[in-house]
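# Descriptive analysis of the structure
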Amino acid sequence: MTAPHRPPLTPTPTHLPTATDTPPRRTTTGTAAPAGRLPEAGNPATPPLSAPSAGHAVGHTVGPLPDLAVPPGRPGVDAAAGRAVGRLPGAEGPVDRQVPGPGAGDGVVGRSGLDPAPTGGPVPGLPEAAGSAGRAVGGPAAGDAVERPPGTAVASGRPAVDAVAGRDRGWLSGGEGSGGRTVLDPSTGRVVTRVPDTDEVGVADAVARADAAFREVWAGTSPAHRAGLLRELANLLRDDRDEFAALERRNAGKPTARALGEVDFAAQVVDWFAAAARYPVGETHPAAPGMRTYTDRVPVGVCAAIAPNNYPLLLAVWKIAAALAYGNTVVVKPAPETPLSIRRLVGRAAEVLPEGVLTAVYGGAGTGRLLCDHPAVGMVSFTGSTAAGREVARRCADGLKPVSLELGGKSPVVVFRDADLDAAARAVVTGFTGNSGQMCVAGTRLVVDRAVHDEFVGRVAELAAALRVGRPQDPGTDLGPLISRAAADRAAEVVEEAAALGAEVILPPGRSAVRHDLDGGFFVHPVVVDGAPADGRAWREEIFAPVLSVASFDTDAEALALAHDTAYGLSASVWTSDADRVERFSSALRAGMVWVNTWGDTEETVSVGGLGRSGYGRELGIHAVEGYTRPRAVWVAHRRGR
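The text that follows walks through the structure, step by step, so that each part is easy to find. Keep in mind the model is a prediction, meaning the values are calculated, not measured.

### Side note on the sheet that holds strand β11 (residues 329-333)
- With mixed pairing, the 6 strands of this open sheet are ordered in space as β12-β11-β10-β13-β14-β24. Strand pairing shows two members of the sheet lacking a second neighbour, β12 (358-360) and β24 (615-616), which therefore form its edges.
- Sheet strands touched by helix α1 (residues 200-216): β10 (302-306), β11, β12 and β13 (377-383). Its angle to β11, the strand with the most contacts, is close to 160°.

Here it is in structure tokens:
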């Protein structure tokens, strides 16, 4: 889906709350993100921009870029110097396209990542990745890693015991001697650890535990009690803020400030749903004497939460918090590339929640299919690609179970000549480069008034070129890596194809290729594709990389037609100072989220989701209750003989 932007908590021109807006309960050693934007919607916590240093602009001053830190002392850039027309030298050759399965982010268009510790050492609490000895095994009952001493064989299907907790932590899968699925650090391409896929027996066990917990414990708890436990879960997120951020950096390639902001936002979401658990629902209807008639809402039971890899922790928490608040239990499946933060979350949650209320399973599309097919799963909430979402919907249709789908996007940003062009340019850059472009709501199609086309595109290219691509743990990094080598290769392939079809490709000065290899990491440069062919992939497909496609218009009608030239409908943004045009476009744009003279604002109190091929159902806000409960009509007779 999405990954989120948050609105300012104070009347400032910022967007999401920053890492300093919600202080942790205890002092931590991490560095809080500076004031500014948090995560992009569909995708979250963007580091705010520091003021640019002299020399960033050529011919005029470059203003501060929200959420994107511009390191001081960097040389000036000339957008024109970075223009390359035609085939890109050094670009990788075409690769076979992949279609992701329902495991959220299983294919090329994947989402999310973590960063390596500066020393390159292992993540705290995780065994070394080399070899199968000492590998960490995820237990679907609690999601904790269970460390196996070197040389100790564990047979498939046998319960693993966490010596610290002293209780059953789930069922192992993968077979004796199996090393499990490799989990990579996308900034180096190196193995961090291995986590076995959960097999059919393990999935069935996790669902059975969740079902028993729902029937025997959770459904009978009061909303006030559930709210109290959710507040404790939010506090655990704050207590472990630095640890969760470190996992997101290493496993998802997120710069530190962004990762910290996402953890903060996740805690705020849990707090909001703790309060929402006690909001009134239902209606009382007029009835005859002696009869009371009302409607209420009841939980669906076991909810499967299939999370993406672009915001591994945050978007999983969106689903988990809502489902638990309304009385459901949850089996969460993180994306296969990014299981580590969820494994820690579920393990820590076991200290607060009753056994079986929140469990985890691991793996790719196959594990997702097992969840969709299981008869005891009452609903499935999925965030990922549209191709995978279709399969989720088809499989759940067989069991007549409801689904919530937050899928892909190819969102337009429409800029008129009367707009605040400086503010619009900064928003456009944030919209297509935030989270390294790995956002469902990314504004990857610029629709700009022809009268200001050259000036505006040059400004956007200039700002994008000033961003630093680098290691996530480096404080000066603006853009971390993509989630996989296949994702980086695909971005290069799509841009090369557009250049071959006649588009003008604008790269940072001195760069002749999209790929930027840094010690084996999956890095790409921000790219502007001006005059992208209307039938090409750069204009039509979700690339999930920092690639912006540009088209120009002469009339309002043409601008609206270009904005709607997509099957997706997740988000849209329009920039104009004409009040009449604001009203017309905000009403006419077909998208689940519309921003006017802003971009990316998201807050936990506002429900978000898409239209068309971007899915259906809503996350966050008061409408989330509709996905995780079902309305029920009740008639109560108080007189005998009725």
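### Here's the deal with helix α5 (residues 312-325)
- End to end, α5 covers 20 Å across 14 residues, agreeing with the expected 20 Å (1.5 Å per residue, within 8%).
- In terms of burial, α5 is largely enclosed, as 14 of its 14 residues are buried.
- Immediately downstream of α5, the backbone of G327 shows phi near 95°, a positive value.

### A short note on unusual backbone geometry
- In the Ramachandran plot, D519 falls in the positive-phi region, its phi being about 55° despite a non-glycine side chain.
- By the secondary structure assignment, D519 is in the loop between β17 (504-506) and β18 (527-530).
- Among the residues examined, D519 registers a relative accessible area of 37% and is labelled partly exposed.
- The phi dihedral of N597 falls on the positive side, at around 55°, and the residue is not glycine.
- Following the sequence through the fold, N597 ends up in the loop between β22 (593-596) and β23 (611-612).

### Quick notes on the pairing of strand β16 (residues 445-449)
- Summarising burial for β16: 5 of the 5 residues are buried, a large majority.
- A two-sided burial pattern is seen for β16, the buried positions comprising R445, V447 and D449 on one face and L446 and V448 on the other.
- In the sheet, strand β15 (residues 412-415) pairs with β16 via 4 bridges, with the strands oriented parallel. Looking across to β16, one finds that V414 is bridged to V447.
- This β-α-β element, β15 to helix α9 (residues 421-433) to β16, shows right-handed connectivity.

### Considerations on the pattern of salt bridges
- A complete count under the given rule lists 30 salt bridges for this structure.
- With a shortest N-O distance of 3.0 Å, D449 and R417 are connected by a salt bridge. Taken together, the residues span a long stretch of sequence, with D449 in strand β16 and R417 in the loop between β15 and α9 at a distance of 32 residues.
- Overall, the relative accessible area of 4% leaves D449 in the buried class.
- Here the residues in one salt-bridge network are D418, D556, D580, R581 and R584, joined through shared partners.

### As for the sheet that holds strand β8 (residues 283-285)
- In space, the 3 strands of this open sheet follow the order β8-β9-β25, with antiparallel pairing throughout. Each edge of the open sheet is held by one strand with a lone partner, namely β8 and β25 (629-637). Taken pair by pair, the neighbouring strands of this sheet meet at an average axis angle of 25°, ignoring direction.
- For strand β9 (residues 291-299) and β25, the ladder comprises 9 bridges, and the chain directions are antiparallel. Among the inter-strand pairings, D296 is bridged to a residue of β25, identified as R632.

About the cut-offs
- Residues numbered from 1 in each chain as written.
- Predicted model: local features only at pLDDT ≥ 70, side-chain atom pairs only at ≥ 80, totals over all residues.
- Heavy atoms only, no water.
- Pairing = 2+ DSSP bridges.
- Helix = DSSP H or I, 4+ residues; strand = E, 2+ residues; numbered from the N terminus.
- Contact = heavy atoms within 4.5 Å.
- Axes fitted to C-alpha atoms, helices over the stretch in contact; angles between N-to-C directions.
- Expected span 1.5 Å × (residues − 1).
- Buried < 20%, exposed > 50% of the residue type's maximum accessible area, 1.4 Å probe, protein only.
- Right-handed = clockwise from strand over helix to strand, strands pointing away.
- Salt bridge = Lys/Arg side-chain N within 4 Å of Asp/Glu carboxyl O.

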